[in-house]
Amino acid sequence: MTIYASHIALATCALALLSSTAMAQDAAPAPKETPPAAAQSAPPAAAQPAPPAAGQDVLPPVDVVQPKEKAATKAPAKKKAVAKKSAPKAPPPTEPAPVAAEEPVDAPAAEAATPVRPGTGTMTSGTVNMSPVAGSDLPIEKVPTSVGRASSEDFNRTRETGIPQALQSTVPGVFMNDTQGNVFQGGVQYRGFESSPINGAPQGIAVYQNGTRINEVFGDVVNWDFIPSNAVDSITVLGANPVYGLNAVGGAIGITMRDGFNFQGAEFDTRFGSYGRIQGSAAAGAQSGNWGIFGAIEGIKDDGFRDFSDSEVKRMYADLGYRSQRSEFHLSFTGAKNDVGVTAAAPYEILDLDWSNTFTSPQINENEMAMVQLSGVVKATERLRLAGQMYYRRFKQDKIDGNILDVSDDVDADCPDPVGFVCVEEGGESEALEDADGNPIVNNGVDRFGVIDKVNQDNESFGGSVQAVDRGNLFGFRNQFLVGASWDHGQVNYQTQSEFGTFGPKFVVNGSGIILGGDDFFGRDIDTTSDYFGLYFTNTTDITDRLALTLGGRYNYARLELDNNFVPDGEEDKLSGTHSFIRFNPTAGLTYQLAPGLTAFGGYSEANRAPTAAELSCADPEAPCLIESLLVADPPLEQVVSRTFEIGLRGNVATFGREHALSWSLAGFHTNNEDDIISIAAPQSGRGFFDNIGETERQGVEAALQYRNRALFTYASYAFTDATFQETLEISAPDNPEAVPCIGDPDENCVNVRPGDRLPGIPRHKFKAGFDYSITSKWKFGVDMVAASDQRFFGDEGGDNKTLPGFAKFNLHSSYDLTDNIQIYGLVDNVFDTRYGLFGTYYNAEGAEYANLSYDPDLFDDSPQRTKVPAPPVTAYGGVKVRF
């Protein structure tokens, strides 16, 4: 407990420093005398002017580029938000006027029109893009689906360093999953669908950065750790929407980055804290005439709370923009180089000894990425807006994963000397383990053997989108019609090899330099080529002043080609092949304004997910793959099709001269997946395959409530997600102690799944709450709580065992402004040091006993064989932020 006591002491000192500094330097007036900047710059949504109609342009206001006055020197706002900014200088005659000059004279200022507010959560005001490409925005009152949003102010408020953590804190239906045991490798789970950096996870969310799809080519994974948190302007989470293309079966996430038009000034942030955390970031933006420039860098070094879990994250973003009276263009670059220790799940028995223990190492991800984007919007006429984007992306990953080698001591014709040679079990028989040249591997007297699997992938992708938006009337009705097309091309070289090794203490595999061969371990080398084409449209018509109808759809065509570059002599090439998937997905919805600030919405949509190259190449149960070495055979898989119904209400109200604001939302959804794809464990340790399992269902309810006044911001949300199988299935579960003999193969273990059994890894209940309070005009204090109920273990799809328990975690944060430009802050995450798991599955007890050189030999006797990814214990950080 000494290490945790030191963390608590550090946290106490950090908060005490803030407290003493505040009391010593600030005999401030009551909070209402000097409202916080957020309250001044973001008046309540209900007090803002009515949203534009479906056919009305929403253009950026001119004063967004003007420097702001210091929040601490302003009196409470009594005039229009425009009056808070210095008057814009007239541009030289040779320069075109900014786009925003076309706004009506009485249009609200940028802060009032599109406020950046902390804790945005479920969105109840503002505009929403109806497609991934810019220029398709509609007032949210006319969007027939749930919308969640996190902004740059959410990152500033909670000090989160990753998008999954920020979304978990703010959007009701979002839950952060962590299969790999590292905060920088977490994923997003929304309504029971995943967006994960793990190959093999069923990806069900389409993710876009400034209009570019960033689901990687090979497995549709999303590497959230590539995006600098200080470069994010806003993140929008939408329910199922086919216009966002493949993978949008559960929803879509759009990330808008900062630029020189929406951010001016500079900010520098340094942070130090638990487990060797050293973090620094810088961001700066400026505008000169029609040009804007922005850049952000972020570096993080963290030793991790578990053995072998150190991480080094380096990422950056830069944008050059040009804005004229009728057009806007941006050239941007995103780059990252991250080395991350992923320690994954560990048996309960060794975590009970020490929360930092790990199981089978090394496990390291080395990731590099570079992406260039060019985007633009042109106002061709008063009613027609054209937009487009193109990109080039390169992603490289080197993955190292230590595992237990299943050895055999049986004497067999293919292994006559299991003492002198290393033998493995294959198909119920023992055979000699061979190196890549076919030579048997000699046993030098070591009886604890392991393997280090190495996976290298080089992804290259490029493509673009074009779009037209017409905002002219349709048969006398106000209308917005959108039509667009997209193309994404990807090329991947994927290679694997396995190195023979021996186990040392703490389940660490030490490599020998011998590369393995044979049926299970020969190296793979595959090239994949993918082409995704999409044609989409939406049309929103104001049938009355209150009722709006949206109709739309998208045609998707996906073509994937697999070429096997290495086929062993005498083997059949079962991997090479071409697969095509085609589908049109419709959508329809209605919104109705019941009263000012109160809107009802409902809709229906369909979407599809084509099997990825990773899934297609590992779909044969007779030839299972190492989980990351996915390349053996490619029996055809069917594409996944989702059908979603959604209905809800959202509203906001302001009272008492706009000093109090309340916003809320309530929504219900039902999604049915046809031909869903999951990963299934094979009898061989560490191997598995993908298969269509028929129908699955996800349905639930989401509710959110927010309140703010000049000194206080508080929120609460609840989400219920019932994710279930809808078929009778028999699923392989070799390590589940409650499994029964399989019907087709009594020598193997299976679980029986019935309709209504829960999908693993998805909590049914999620509750979030928190507040931020301005104790003085300079000192703020806040608390955030996230709670989730229990979840099924992976490998227990039949629900025969105990579940992974739920949890409730509390985070504290506080900041104090020493001057108008310098702020100190402190954070304490998991303040009560709650011990809980983020992911659970099963392990092979015999293998654990075999590789155990550090603990009691009887440690794994009578084990329930459960593993979990332990959540970080209490951690504390302190930092300084400088702003200009």
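Quick caveat: nothing in here was measured; it's all calculated off a predicted structure.

A.B. asks: How should I be thinking about the side chain of asparagine 830 in this particular structure?
C.D. replies: Relative to the assigned elements, asparagine 830 resides in the loop between strand E42 (822–829) and strand E43 (837–842). Since its relative accessible area comes to 1%, asparagine 830 is described here as buried. Of note is the side chain of asparagine 830, whose polar atom sits 2.9 Å from the backbone nitrogen of threonine 834. Within the local environment of asparagine 830, its side chain forms a polar contact with the backbone oxygen of proline 872, the two atoms lying 3.0 Å apart. With sequence-adjacent residues up to four places away left out, asparagine 830 is seen in contact with Lys809, Phe810, Asn811, Tyr836, Pro872, Pro873 and Val874.

A.B. asks: Honestly, helix H5 (residues 163–170) in this entry has me stumped. Any pointers?
C.D. replies: Residues spaced three or four apart along an α-helix point in a common direction, a consequence of the helix completing one turn every 3.6 residues. Most of H5 is tucked away, with 8 of its 8 residues classed as buried. Along H5, the residues that are buried comprise Ile163, Pro164, Gln165, Ala166, Leu167, Gln168, Ser169 and Thr170.

A.B. asks: Where do I start with the confidence of the model for the protein chain in this structure?
C.D. replies: Any region with low pLDDT has predicted coordinates that should not be read closely. Taken as a whole, the protein chain shows an average pLDDT of 84; of its residues, 81% reach a score of 70 or greater. Here residues 1–119 is a poorly scored stretch, pLDDT under 50, and it has 219 contacts once near neighbours within four places are set aside; other chains count. Overall, residues 627–634 carries pLDDT values under 50, and its contacts beyond four positions in sequence, including any with other chains, amount to 47 contacts.

A.B. asks: Is there a simple way to explain the state of the cysteines in this structure?
C.D. replies: Here a disulfide denotes one covalent bond, and it connects the sulfur atoms of two cysteines. Using the criterion set out here, one finds 1 disulfide in the structure. A disulfide bridge connects cysteine 742 with cysteine 750, and the sulfur atoms are separated by 1.9 Å. Measuring handedness by torsion sign, the sulfur bridge of cysteine 742 and cysteine 750 sits at about 90° and is right-handed. Summarising the burial analysis for this pair, cysteine 742 and cysteine 750 share the class buried.

A.B. asks: When you look at the sheet that holds strand E7 (residues 193–195) in this model, what are you seeing that I'm missing?
C.D. replies: Pairing in this open sheet of 3 strands is antiparallel, and the strands run E5-E6-E7 from one edge to the other. Only two strands of the sheet have a single neighbouring strand rather than two, namely strand E5 (174–177) and E7. This sheet shows a mean twist of 30° between the axes of neighbouring strands, independent of strand direction. Pairing analysis gives 4 bridges linking E5 to strand E6 (residues 187–190), with the strands arranged antiparallel. Residue pairing across strands places asparagine 177 opposite glycine 187, the latter belonging to E6. Along the sheet, H5 contacts E5 and E6; its crossing angle with E5, the most-contacted strand, is approximately 145°.

A.B. asks: What should I look at first to understand the packing of aromatic side chains in this one?
C.D. replies: The geometry of an aromatic ring pair is captured by two quantities: the separation of the ring centres and the angle between the planes. Counting across every chain of the model gives 26 aromatic pairs. When the centroid spacing of 6.4 Å and the interplanar angle of 70° are considered together, the rings of phenylalanine 507 and phenylalanine 860 count as edge-to-face. Residue phenylalanine 507 is located in the loop between strand E23 (479–503) and strand E24 (509–515), and its partner phenylalanine 860 is located in the loop between helix H9 (845–851) and strand E44 (866–870); the two are separated by 353 residues in the primary sequence. The structure contains a cluster of three or more aromatic residues connected by ring pairs, namely Phe359, Phe507, Tyr843, Tyr855 and Phe860. For arginine 323, the ring lying beneath its charged end belongs to phenylalanine 261, and the centroid distance is 4.3 Å.

A.B. asks: Help me understand the sheet that holds E44, please; the structure alone is not making it clear to me.
C.D. replies: Remark on secondary structure: sheet strands pair via backbone hydrogen bonds, oriented parallel or antiparallel. The strand order E17-E44-E43 describes an open sheet built from 3 strands, whose pairing is antiparallel. Each edge of the open sheet carries a strand with a single partner, namely strand E17 (346–347) and E43. Here 4 bridges tie E43 to E44, and the two strands are oriented antiparallel to one another. Each residue of the ladder has a partner; that of threonine 841, found in E44, is threonine 867.

A.B. asks: Teacher, can you tell me more about the pattern of salt bridges here?
C.D. replies: Pairing between side chains becomes possible if they bear opposite charge and their charged atoms approach one another. Overall, the coordinates contain 34 salt bridges when judged by the stated rule. Arginine 471 is paired through a salt bridge with aspartate 137; the nearest N and O atoms lie 3.3 Å apart. Taken together, the residues span a long stretch of sequence, with arginine 471 in the loop between strand E22 (449–470) and E23 and aspartate 137 in strand E3 (residues 137–139) at a distance of 334 residues. In terms of burial, arginine 471 and aspartate 137 fall into one category: buried.

A.B. asks: Mind showing me how you'd approach the pairing of strand E13 (residues 277–288) here?
C.D. replies: Sheet faces and side chains relate simply in a regular strand, where the side chains alternate between the two faces. Bridge count between strand E12 (residues 265–273) and E13: 9 bridges; the pairing is antiparallel. If you follow aspartate 269 over to E13, its bridge partner there is serine 281. Here E13 pairs with strand E14 (residues 291–302) via 11 bridges, running antiparallel. If you follow glycine 280 over to E14, its bridge partner there is glycine 299. In this structure, the hairpin formed by E13 and E14 is closed by a connection of 2 residues, where glycine 289 is found at a positive phi of approximately 60°.

A.B. asks: Whenever I open this one, empty space enclosed by the protein confuses me. Can you help?
C.D. replies: For the structure on display, the rule yields 15 cavities of 30 Å³ or more. Considering only enclosed or pocket space, the largest cavity measures out at about 680 Å³ in volume. Around the largest cavity, the lining is made up of 39 residues, and of these Gln165, Val183, Lys809, Asp829 and Pro872 lie nearest the centre. Sorting the residues of the lining of the largest cavity by element identifies H5, strand E40 (779–788), strand E41 (807–817), E42, E44 and strand E45 (875–883) as the ones contributing at least two each.

A.B. asks: For this particular structure, what's the right way to read a nonpolar patch on the surface?
C.D. replies: On the surface, a nonpolar cluster with roughly 640 Å² of combined accessible area is contributed by Trp291, Ile293, Leu320, Leu331, Val372, Leu374 and Met390. Tracing the chain through its elements places methionine 390 in strand E19 (residues 384–404).

A.B. asks: Would you take a moment to explain unusual backbone geometry for this structure?
C.D. replies: Note: most peptide bonds trans; most residues except glycine with negative phi. Each neighbour pair has its own omega, and for serine 361 with proline 362 the value is 5°, a cis peptide bond. Among the secondary structure elements, proline 362 is positioned in the loop between helix H6 (348–353) and strand E18 (363–379). Look at asparagine 210: it is not a glycine, yet its phi comes out positive at around 50°. Within the fold, asparagine 210 resides in the loop between strand E8 (205–209) and strand E9 (212–213). Even without a glycine there, the phi angle at phenylalanine 475 is positive, about 55°. Tracing the backbone through its elements, the reader meets phenylalanine 475 in the loop between E22 and E23.

A.B. asks: Just to check I follow, could you spell out a negative patch on the surface for this structure?
C.D. replies: Together, Glu846, Glu849, Asp856, Asp858, Asp861 and Asp862 line one region of the surface with negative charge. In this fold, glutamate 846 is placed in helix H9. Look at glutamate 846 and you get exposed, because its relative accessible area is 64%.

A.B. asks: Please explain the environment of leucine 637 as it appears in this structure.
C.D. replies: Within the fold, leucine 637 resides in the loop between strand E29 (625–626) and strand E30 (640–655). Here leucine 637 falls in the buried class, since its relative accessible area comes to 5%. In sequence terms leucine 637 and threonine 612 are 25 residues apart; their C-alpha atoms lie 9.5 Å from each other.

What counts, and where the lines are drawn
- Residues numbered from 1 in each chain as written.
- Predicted model: local features only at pLDDT ≥ 70, side-chain atom pairs only at ≥ 80, totals over all residues.
- Heavy atoms only, no water.
- Helix = DSSP H or I, 4+ residues; strand = E, 2+ residues; numbered from the N terminus.
- Buried < 20%, exposed > 50% of the residue type's maximum accessible area, 1.4 Å probe, protein only.
- Polar contact = N/O pair within 3.5 Å; in protein donor to acceptor, adjacent residues only side chain to side chain.
- Contact = heavy atoms within 4.5 Å.
- pLDDT = per-residue confidence, 0-100.
- Disulfide = S-S within 2.5 Å.
- Pairing = 2+ DSSP bridges.
- Axes fitted to C-alpha atoms, helices over the stretch in contact; angles between N-to-C directions.
- Phe/Tyr/Trp six-rings, centres within 6.5 Å; stacked < 30°, edge-to-face > 60°.
- Lys NZ or Arg CZ within 6 Å of the ring centre and 35° of its normal.
- Salt bridge = Lys/Arg side-chain N within 4 Å of Asp/Glu carboxyl O.
- 1 Å grid on protein atoms, 1.4 Å probe; cavity = no way out; pocket = protein on both sides within 12 Å on 5 of 7 lines; lining within 4 Å.
- Points joined across faces, edges and corners; volume = space filled by probe spheres on them.
- Patch = residues over 30% accessible without salt bridge, like charges linked within 9 Å, V, L, I, M, F, W, Y side chains within 5 Å.
- Areas by Shrake-Rupley, 256 points an atom, 1.4 Å probe, with all protein chains shown as cover.
- Lys, Arg positive; Asp, Glu negative; His and termini not counted.
- Charge placed at Lys NZ, Arg CZ, Asp CG, Glu CD.

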